[in-house]
Amino acid sequence: MTADTMTIRQMCDAFEVTPRTLRFYEQKELLFPIRDGQKRLFTRRDRARLKLILRGKRFGFSLEEIRQLLDLYYVGDQQATQLSRTIDIARDRLTDMERQRAELDVAIHDLRSQMSLVQDMLASRGSAQDAAE
């Protein structure tokens, strides 16, 4: 192991992921660790890719979208295609997230209204019970 590589344990600790997650990304050909017998050694390139994978997942990008973006790094146009496509996917995802937030805002408002009605019903029952006693 060199200073430029990390073991699977070091990667797990550094990125707060499980070994299973790293093996899954390797199986999906998103990461390409060096194999030394049973040992996997992750390069700087793997670390950069994992950082982008995790960021993409946090934003709700699909693994296929992430793969496409990572593959565009090698187009040879100083990442112009990759960056342009990233903006397109991010814009679509942001639109989806804003729509979901609006739907959640409506649902939250409705739930609060229903809770208020139920609280009023309980309060009125409590007042009626107090009066009966």
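This is a predicted model, so every value here is computed, not measured. (Residues numbered from 1 in each chain as written. Predicted model: local features only at pLDDT ≥ 70, side-chain atom pairs only at ≥ 80, totals over all residues. Heavy atoms only, no water.)

Caption draft 1: Examining the overall build of the chain more closely. Assigned secondary structure in the chain consists of five helices and three strands. Secondary structure elements of the chain occur, N-terminal to C-terminal, as β-α-α-β-β-α-α-α. Whereas a compact globule of 133 residues would reach a radius of gyration of roughly 14 Å, the chain reaches 25 Å, over 25% beyond that. In the chain, which comprises 133 residues, the proportion classed as buried is 23%. As displayed, the chain offers around 9,800 Å² of accessible surface, 53% of which is attributable to carbon and sulfur atoms. Treating the 23 positive side-chain charges of the chain as one cloud and the 21 negative ones as another, the clouds have centres 8 Å apart. (Helix = DSSP H or I, 4+ residues; strand = E, 2+ residues; numbered from the N terminus. Rg over C-alpha atoms; globule rule 2.2 N^0.38 Å. Buried < 20%, exposed > 50% of the residue type's maximum accessible area, 1.4 Å probe, protein only. Areas by Shrake-Rupley, 256 points an atom, 1.4 Å probe, with all protein chains shown as cover. Lys, Arg positive; Asp, Glu negative; His and termini not counted. Charge placed at Lys NZ, Arg CZ, Asp CG, Glu CD.)

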